[in-house]
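Topology and contacts: notes
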Amino acid sequence: MNGASRIVAVLGPTNTGKTHYAIERMLGHRTGVIGLPLRLLAREVYDKIVAIRGPSVVALVTGEERIVPPRTQYWVCTVEAMPEGMGTDFVAIDEIQLCADPERGHVFTDRLLRMRGTHETLFLGADTMRGPIAALVPQAQFARRERMSQLVYTGSKKISRMPPRSAIVGFSVENVYAIAELLRRQKGGAAVVMGALSPRTRNAQVGLYQNGEVDYLVATDAIGMGLNLDVNHVAFSSLSKFDGRRMRPLAPNELAQIAGRAGRGMSDGTFGVTGEASPLDEGVAQAIMDSRFTPMKKLNWRNAALRFGSVDALIDSLEASPDNEHLVKARPADDLNALKSLAQVPEVAARASDGPSIRLLWDVCRIPDFRGISHAEHASLLESIFGHLHERGTIPEHFLARQIRRIDRTDGDIDALSKRLAYIRTWTYVAQRNGWVRDESHWRAETRAVEDRVSDALHERLTQRFVDRRTSVLLRRLKQKEALLAEVNDKGEVTVEGEFVGRLEGFRFIPDKSAQGTEAKALKSASLQALAPQFHLRADRFYNAPDTEIDFTDQGGLMWGEYAVGKLVAGAEPLKPMVEVFVDEAAGPEVEQKVQRRLQHFIDRKIAALFEPLLNLSRDEELTGLAKGFAFRMVEALGILPRAGVAQEVKDLDQDARGALRKHGIRFGQFTIFMPLLLKPAPTRLRLVLWALANGLQEFPEAPPPGLVTVPVAKGAPEGYDTMCGYRNAGERSIRIDMLERLADMLRAEDSRGGFEAKADMLSITGMTLEQFADLMQGLGYKAERGERTKIKPAQPTEQPPAATAEAQAETAEAPAETAEAEAQSDVAVAAEAPAEATESTEAETEVTAADPASDEPEVEVFYTFTWGRQANRGPRGDQRQGRGKPGGKPRDGRGKPQGKKGGKPQGAKTFSSRPPKKEKAIDPDNPFAAALMGLKDGN
């Protein structure tokens, strides 16, 4: 030590400006270092000095943080992290009375005895340290500083009557959380400050209090260590604490250290008790107010002259007793306990065989137990770290990355995040040690980033749980009659003055459901007031939005993106629906009218685009007479009319009228009169909505999936639903009307009186199995008789089997099918617009039951014979389903097939034997194929 060095002990109570004085003195020297009791306070002092001198000359060194610029002049450190042997001009140790602390006291005592500045050394702390400092540092001078304001004891108060700007002190995490929860319910919330918080979380919580967003602070005794807060009153919820070994009552000087945080500068402060804490003894309260405490006599000490010849020698040197009456041997600290545990591990003992290895082991043992899980788990972690360092020289990056990755999560509650914060502090400490990791700058930044993320998440959870910030901010602004600023993000989330208040769904505000009672009313009132400009901005944006951003639902709703902004209601005509808008009353009539006009424009344009053929038909002035009337019927039916319902009108149309109607795309089919362009998925979807509106349905039926030739019959669907979908019910399934007309063309060429079998093309266009096709045919009015016969495999089949895949069906269905046939032959012209049904694979013409290959029995195939049903009142719609016939109902040839008409042509490889001639019968006029049958008869 330089003999010219000045040593001064600046002693006095809290709020005397001792730390501020030390900063001024340090900045008066070229270099300096100051040691502080908490990294929270170290960060606060670091920020102050950086604001004065800039970051290029100020270093921050704590166990978990290291910022050291190349031209460092001033070092701000925690006491444990103070660098030794630097020879700075100035040294200061804050809160020097911690020399008596059972856990950390030996570190402060070592700095008192051994740390000096070349020009000046300051010891800052309580006046109770005067005796020990005078005895141990005889050359020290003393400077007494008086408190700048008065501190008054006010007795006991209930938390519900706690004055604003109060700090309530608890001595356990559970106690702190319970008080904060009570304050949230009764006072609107509180900030939380604990020593285990990271500086980032602590600063964020203090910011809530300092900015006036909450009027209460709940803290542990960490606030007693120099943290500067605008606190007017300090209340103790307990007068005892757990010191790591046992519960013990707080000494008067410890209470004074915390109570002294009340009052700031020249402002007086008060202190008292609350909750279950008993009132202070009058003498203790007076001693705190007068700053009169029992002087300290013994300081904790641990030998600093360590021997690294062996592990046992190191342990012995750490357990050496002091030779000064003012010093007492410190109780074994965590680092010494870890060293003793690892010394018992054979592998560790074998590695720690020389001086450098033992010194490395001791450095590893000094890693603080931030996690606090158990002594055994901490020792196990240290053993792993020591093994890596001794074997490889550094900790493997994959090992470190795995440990950090497990912690780098921001989900979970307050307890989970607090544990992760404690865990990351261990790896932050490891990354700060010189030479322990290969890429120090990377891992220091990585651990710091994880700590920051977890810290931010913890601050968020603390605020969510203990601060009703939203209500307090909004109510305060409303009382002050200030204009509120509302913002709406791309997800519709509404924030007012930065606080989430609900969602804006289209033009309706949905308040946050967590708000109840008075809070909910205040929240909605403030929110709607702030949202007034947003409604107008959103209405302008909506009015100018393209039609692609707007759509209608199957239930008639009108959507803007994902939000409902209105619904369709029935108008005077099916093709002229009206619009009802969903707009909050607070938005005003101007916004409502703008939204209504935009939606009406949308639906009018949508109808004009999708129903253009129908609208052109309604506006054709050249149509006259019966053609004009039929056009009106088509428009009224939205482009699809079952032929049975308009049979007489169709019959009355002459060729000119039909030609005029065909020019508009109308197809006169055997079963349906329709416009093929309106069978596409988009018009079909809108047609169902318009039809449901016109018929006043409460629940709108949905359209079938697009691209299917047949679909199951919708049970319980309203009458006419199948027609509006573009289908016709037939048995258990409905078939698309354009494909039904193609099937009718094929059936017209068959002998429906004598009986025929299904062709491959019939199965292909319907996408059905033979059993399903039989059911369909019965639904159309045919009889289906089932039979079995021996299967004959032709050597060279002349017919190509129908495609058995959905892709082949689609290919068949997509082929153009519009043919203009002569009016005398048929009124049918169909167009296949969609792919065939893809849900069922088409099978071969017959179902085959394969015999066992080892057996000599022939294969048997199932077939159906279809004949037209001749029951009375059987119309072409075939609304009544026929029962299936039984095998053997008709005369059969030698292979079991029905006998055809005499002279009939063979079909492919199959042949029919003639049957005995029957008496000619008149053609049934109810048969839908009567005209075709008559033509066939005349042709014979």
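Note that the coordinates shown come from a computational prediction; the quantities given were computed from them, not determined experimentally.

1. Focus: the pattern of salt bridges
This structure, assessed with the given rule, holds 50 salt bridges. A salt bridge links Asp 110 to Arg 114, with the shortest nitrogen-to-oxygen separation between them at 2.9 Å. Of this pair, Asp 110 and Arg 114 both sit in helix H3 (residues 105–114), 4 residues apart, which is roughly one turn of the helix. The shortest N-O distance in the salt bridge between Glu 757 and Arg 789 comes to 2.9 Å. Within this pair, whereas Glu 757 is found in the loop between helix H26 (737–748) and helix H27 (760–766), its partner Arg 789 is found in strand E33 (residues 782–790), the two being separated by 32 residues in sequence. Note on Glu 757: relative accessible area 5%, which makes it buried. A single network of salt bridges, built from pairs that share partners, joins Arg 43, Asp 47, Glu 65, Arg 200, Arg 448, Asp 452 and Asp 456.

2. Some points on the sheet that holds strand E29 (residues 672–674)
Taken in spatial order, the 3 strands of this open sheet run E27-E29-E28, and their pairing is antiparallel. What marks the edges here is a single partner per strand, and that holds for strand E27 (640–642) and strand E28 (667–668). Judged from the 3 bridges that link them, E27 and E29 form a sheet pairing that is antiparallel. In the sheet register, Pro 642 faces E29, and the bridge partner there is Thr 672. Relative to the sheet, helix H21 (residues 625–636) contacts E27, E28 and E29, its axis offset from that of E27 by approximately 105°.

3. Considerations on the confidence of the model for the protein
Per-residue confidence for the protein averages 82 on the pLDDT scale, and 82% of its residues sit at or above 70. Scored below 50 in pLDDT, residues 871–919 shows 103 contacts in the model against residues more than four places distant or in partner chains. Here residues 935–940 is modelled with pLDDT under 50, and outside its nearest four sequence neighbours on either side it reaches 2 contacts, counting other chains as well.

4. Overview of the packing of helix H9 (residues 311–318) against helix H12 (residues 355–365)
Between H9 and H12, whose axes approach to 10 Å, the crossing angle comes to 50°. Considering the angle they form, H9 stands oblique to H12. Taken as a pair, H9 and H12 cross one another with a handedness that is right-handed. Residue-level contacts link Val 311, Leu 314 and Leu 318 of H9 to Ile 358, Leu 361 and Trp 362 of H12. Taken together, the residues of the contact of H9 with H12 sort by class into 6 nonpolar, no polar and no charged.

5. Focus on the environment of Val 501
Counting through the fold element by element, Val 501 comes out in strand E21 (residues 499–505). Sequence spacing of Val 501 and Pro 511 is 10 residues, and the spatial spacing of their C-alpha atoms is 6.1 Å.

6. Details of the sheet that holds strand E25 (residues 563–569)
Spatially, E23-E24-E25-E26 is the arrangement adopted by the 4 strands of the open sheet, whose pairing is antiparallel. Because the sheet does not close on itself, it has two edges, and the strands there are strand E23 (550–552) and strand E26 (578–581). Looking at each pair of strands side by side, their axes are set apart by 30° on average, direction ignored. In terms of strand pairing, E25 meets E26 through 4 bridges, oriented antiparallel. Within E26, the residue paired with Gly 566 across the bridge is Val 581. Packing of helix H19 (residues 589–610) onto the sheet brings it into contact with E23, strand E24 (557–560), E25 and E26, and relative to E26 it is tilted by some 145°. Of the strands in this sheet, E23 and E25 touch helix H24 (residues 681–694), which is tilted by about 60° from E23.

What counts, and at which threshold
- Every chain begins its residue count from 1, and numbering advances along the sequence as written.
- Whole-chain, interface and lining totals are the exception, using all residues; otherwise, since this is a predicted model, local features are given only for residues with pLDDT of at least 70 and side-chain atom pairs are given and counted only at 80 or more.
- The basis for every side-chain value is the complete set of heavy atoms in the structure, and neither hydrogens nor water enter the calculation.
- Here a salt bridge means any side-chain nitrogen of Lys or Arg lying within 4 Å of a carboxyl oxygen belonging to Asp or Glu.
- Think of it this way: any DSSP run of H or I at least four residues long counts as a helix, any run of E at least two long counts as a strand, and we number them from the N terminus.
- Relative accessibility thresholds used throughout: buried, under 20% of the residue-type maximum; exposed, over 50%; partly exposed, between the two (1.4 Å probe, protein chains only).
- In this analysis, strands are considered paired if DSSP registers two or more bridges between them.
- In this description, contact between two residues means that some pair of their heavy atoms is separated by no more than 4.5 Å.
- Angles here are taken between N-to-C directions and fall from 0 to 180 degrees, while the axes themselves are lines fitted to C-alpha atoms, restricted in helices to the stretch in contact.
- Per residue, pLDDT captures the predictor's confidence, and it can take any value from 0 to 100.
- Small angles under 35 degrees read as roughly parallel and large ones over 145 as roughly antiparallel, with 65 to 115 read as roughly perpendicular and the rest as oblique.
- Two helices crossing with the near one rotated counterclockwise from the far one by less than a right angle form a left-handed crossing, whereas a clockwise rotation gives a right-handed crossing.
- Amino acids are sorted into nonpolar (Ala, Val, Leu, Ile, Met, Phe, Trp, Tyr, Cys and Pro), charged (Asp, Glu, Lys and Arg) and polar (every other residue, Gly among them).

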